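Given next are the chains, with one letter for each unit.
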Amino acid sequence: MSRVLIIGAGGVANVVVAKCCLNPEVFQEIMIASRTKSKCDALKEKFDGGKTVITTSQLDADNTDEIVKLINEYEPEMVINVALPYQDLTIMDACLETGVHYLDTANYEPPNIPKFEYKWQWAYKEKFEKAGLTAVLGCGFDPGVTGVFSAYALKHYFDEIHYIDILDANGGDHGYPFATNFNPEINIREISANGRYWEKGDWVETDPLEIKRVYDFDQIGEKDAYLLYHEELESLAVHMPGIKRIRFFMTFSEKYITHLNVLKNVGMTSIEPIEIEGVKIQPLQFLKAVLPDPATLGPRTKGKTNIGCIYQGIKDGKPVSYYVYNVCDHQSCYKEVGSQAISYTTGVPAMIGAKLLLEGKWKKPGVYNVEEFDPDPFMEQLNKQGLPWNESFEPELVD
Ligand code: NDP
């Protein structure tokens, strides 16, 4: 039975709070702290009334001293960071200073440099080891479950995994001409960056959305899937012995790509500030302000997501292919917790990671990516907490 501080009060936090409240034997008390306190209060009002005691607080998580003060007052056992990637390091610093465990769903990214890299957070490994604290990095779906799937595949079905293709398909339709399913700024930064995949010990760079495949997804059908760089490629390249290639594909509709290209061509996705009548504005932040808030997409989004990984490698000298994936229905998520599937598939794994950490199953001093823990209890929890997985030993391959 534990007390947990949840930082952030957006779409993913909504699901984390909902799921913590459904597991009150572990999450006895939670505090929701975020920049805009009214959003924390709205979450409390929505999910209050069960066994989990919910409190709220205003917090600027860019400020380590403020986080330290709040942690010292509330005395949680761990922090679940579902604010933005920009806050990862200030929150990790505060955890070290106050002696609490840490978990997040996205790797640190400096606000002015669009570079997703683990190097900043991996640099904290020794400090967390010395403090006897656990930091779990990237515990959403991708990254997150994709790393757990990889550890599970390696543990049970392979001696060596040679190829991994991560496939993230969203067959959902929210009815808007253009909207992003999670924080637009983070989402567009991720997609408009150059593509990259890992092959034979090196990174192969592509133009943004240069490589496209068509894949027939279970319960969704055929979709255009584009090769993107995604942060779990970096950690899996380090943690999967014998790996030769890892790629990540995400589906986008033609309508989405057309809008994105137009916005990009006119400079609306740029993070370089421009001056308008004496006021400096970052075009991407302005775009974020005019796009639909992802948190409002829940009631409108119909259809399913299908996210999983295809592995090829060897077992007992023989070639093996294995596909493990989850299919999640946007409307079922909305009925259960009031969010669409993108927030749901991120928030449920964050809660599971926190639960395993608090139960001691995923507790070891240091900074770890999810594939470095035992995948079995996590896979069991996915089936119990709303993200059941399917597997196939004769999957259609991407190429
Ligand atoms: P939202 O934009 O909906 O929510 C972010 C929340 O963080 C908001 O409540 C925001 O406050 C708060 N916040 C931002 N800056 C600060 C700050 N300085 N101090 C305190 N709070 C702050 O994002 P999502 O819920 O969609 O995403 C949350 C995280 O999940 C992101 O890091 C995202 O990258 C990650 N993610 C991971 C996925 C995965 O599969 N691994 C998939 C999808 C998302 P305010 O309301 O004031 O803006």
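These numbers come from a predicted model, not from an experiment.

As for the overall build of the chain
- Within the chain, the secondary structure is distributed over 14 helices and 18 strands.
- For the chain, the spread of C-alpha atoms along the three principal axes comes to 55 × 55 × 40 Å.
- Looking at the chain alone, contacts between residues at least 24 apart form 72% of all its contacts between residues at least 6 apart.
- In the form shown here, the chain has an accessible surface area of approximately 16,200 Å², with 49% of it arising from carbon and sulfur atoms.
- Across the chain, the 39 positively charged side chains and the 58 negatively charged ones have centroids separated by 2 Å.

A word on the packing of helix H7 (residues 145–156) against helix H14 (residues 376–385)
- Their axes nearest at 9 Å, the elements H7 and H14 cross at an angle of 120 degrees. Compared by their axis directions, H7 and H14 come out oblique. The handedness of the crossing between H7 and H14 comes out as left-handed. Each of Val145, Val148, Phe149, Tyr152, Lys155 and His156 in H7 lies in contact with H14, whose residues at this interface are Asp376, Phe378, Met379 and Leu382.
- Its residues placed into classes, the contact of H7 with H14 shows 7 nonpolar, 1 polar and 2 charged.

Some words on the side chain of glutamine 340
- With respect to the element layout, glutamine 340 can be found in the loop between helix H12 (330–337) and helix H13 (341–358).
- A distance of 2.9 Å separates the side chain of glutamine 340 from the backbone oxygen of asparagine 181, its partner in a polar contact.
- For glutamine 340, the contacting residues outside a window of four places in its chain are Asn181, Pro294, Leu297, Gly298, Thr301, His330 and Cys333.

Re the UniProt feature "domain: Saccharopine dehydrogenase-like C-terminal" (unreviewed entry) in the chain
- Sites flagged by UniProt as "domain: Saccharopine dehydrogenase-like C-terminal" (unreviewed entry) map to residues 140–387.
- Annotation note: span residues 140–387, helix share 34%, strand share 30%, distance between end C-alpha atoms 12 Å.

Remarks on the domain arrangement of the chain
- Domain annotation for the chain reports domain 1 (3–137) and domain 2 (145–337).
- One C-alpha centre belongs to domain 1, the other to domain 2, and the line joining them spans 24 Å.
- The interface of domain 1 with domain 2 comprises 24 residues on the first partner and 14 residues on the second.
- Taken over both partners, the interface formed by domain 1 and domain 2 buries close to 1,600 Å², and the fraction arising from carbon and sulfur atoms is 54%.
- The interface formed by domain 1 and domain 2 contains 2 salt bridges.
- When the shortest N-O distance is used, the salt bridge between glutamate 336 and lysine 19 registers 2.6 Å.
- Scanning the region where domain 1 abuts domain 2 turns up 10 residue pairs in polar contact (both at pLDDT 80 or more).
- Among the elements of the structure, helix H1 (11–21), helix H2 (37–47) and helix H5 (119–122) are those that each provide at least two residues to the side of domain 1 that touches domain 2.

Things to note about the site of the ligand
- Around the ligand, a shell composed of 28 residues is seen, among which Arg35, Thr36, Lys39, Ala61 and Asn183 lie nearest.
- Serine 34 places a side-chain nitrogen or oxygen 3.3 Å from an oxygen atom of the ligand.
- Take threonine 36: an N or O atom from its side chain is 2.4 Å from an oxygen atom of the ligand.
- By residue class, the composition of the shell around the ligand is 13 nonpolar, 10 polar and 5 charged.
- Looking at which domains feed residues into the shell around the ligand, each of domain 1 (3–137) and domain 2 (145–337) gives three or more.

Examining the nonpolar core
- One finds Phe27, Ile80, Phe149 and Tyr311 to be the most contacted residues of the largest nonpolar core, which totals 89 residues.
- The greatest single-element share of this core, amounting to 10 residues, is contributed by H13.
- When we break this core down by domain, the ones giving at least three residues each are domain 1 (3–137) and domain 2 (145–337).
- The next biggest cluster of nonpolar side chains, apart from the first, holds 28 residues, and it includes Leu89, Tyr102, Ala135 and Leu137.

Topic: the pattern of salt bridges
- Scanning the entire structure with this criterion turns up 18 salt bridges.
- We note a salt bridge from aspartate 399 to arginine 213, for which the minimum N-O separation is 2.7 Å. With aspartate 399 in the segment after strand S18 (389–392) and arginine 213 in strand S10 (residues 212–217), this residue pair connects regions lying 186 residues apart in the sequence.
- Each of Asp165, Arg213, Arg245, Arg247 and Asp399 takes part in one network of salt bridges that share partners.

Re the packing of aromatic side chains
- Tallying each qualifying case throughout the model produces 20 aromatic pairs.
- For the pair tyrosine 152 and tyrosine 157, a centre-to-centre distance of 6.1 Å together with 80 degrees between the ring planes defines the contact as edge-to-face.
- According to the relative accessible area criterion, tyrosine 152 is buried, its value standing at 12%.
- Considering the side-chain rings of tyrosine 226 and phenylalanine 252, the 6.1 Å spacing of their centres and the 45 degrees angle between planes classify their relative orientation as tilted. Of this pair, tyrosine 226 sits in strand S11 (residues 221–227) while phenylalanine 252 sits in the loop between strand S12 (245–251) and helix H10 (254–265), and the two are 26 residues apart along the sequence. With respect to class, tyrosine 226 is no different from phenylalanine 252; both count as buried.
- Taken together, the ring pairs connect Tyr152, Tyr157, Phe158, Tyr311, Tyr322, Trp389 and Phe393 into an aromatic cluster.
- The ring of tryptophan 120 carries the charged tip of lysine 119 above its face, separated from the ring centre by 4.8 Å.
- The aromatic ring of tyrosine 368 is capped on one face by lysine 364, whose charged end is 4.5 Å from the ring centroid.

Definitions and cut-offs
- Residues numbered from 1 in each chain as written.
- Predicted model: local features only at pLDDT ≥ 70, side-chain atom pairs only at ≥ 80, totals over all residues.
- Heavy atoms only, no water.
- Helix = DSSP H or I, 4+ residues; strand = E, 2+ residues; numbered from the N terminus.
- Contact = heavy atoms within 4.5 Å.
- Areas by Shrake-Rupley, 256 points an atom, 1.4 Å probe, with all protein chains shown as cover.
- Lys, Arg positive; Asp, Glu negative; His and termini not counted.
- Charge placed at Lys NZ, Arg CZ, Asp CG, Glu CD.
- Axes fitted to C-alpha atoms, helices over the stretch in contact; angles between N-to-C directions.
- Parallel < 35°, antiparallel > 145°, perpendicular 65-115°, else oblique.
- Left-handed = near helix turned anticlockwise from the far one by under 90°.
- Nonpolar A, V, L, I, M, F, W, Y, C, P; charged D, E, K, R; others polar.
- Polar contact = N/O pair within 3.5 Å; in protein donor to acceptor, adjacent residues only side chain to side chain.
- UniProt positions renumbered as here; feature names shortened; annotations may be inferred.
- Domains from an automatic or database assignment.
- Buried area = accessible area lost by both parts, 1.4 Å probe.
- Salt bridge = Lys/Arg side-chain N within 4 Å of Asp/Glu carboxyl O.
- Near = heavy atom within 4 Å.
- Core = buried A, V, L, I, M, F, W, Y, C linked by side-chain atoms within 4.5 Å.
- Buried < 20%, exposed > 50% of the residue type's maximum accessible area, 1.4 Å probe, protein only.
- Phe/Tyr/Trp six-rings, centres within 6.5 Å; stacked < 30°, edge-to-face > 60°.
- Lys NZ or Arg CZ within 6 Å of the ring centre and 35° of its normal.

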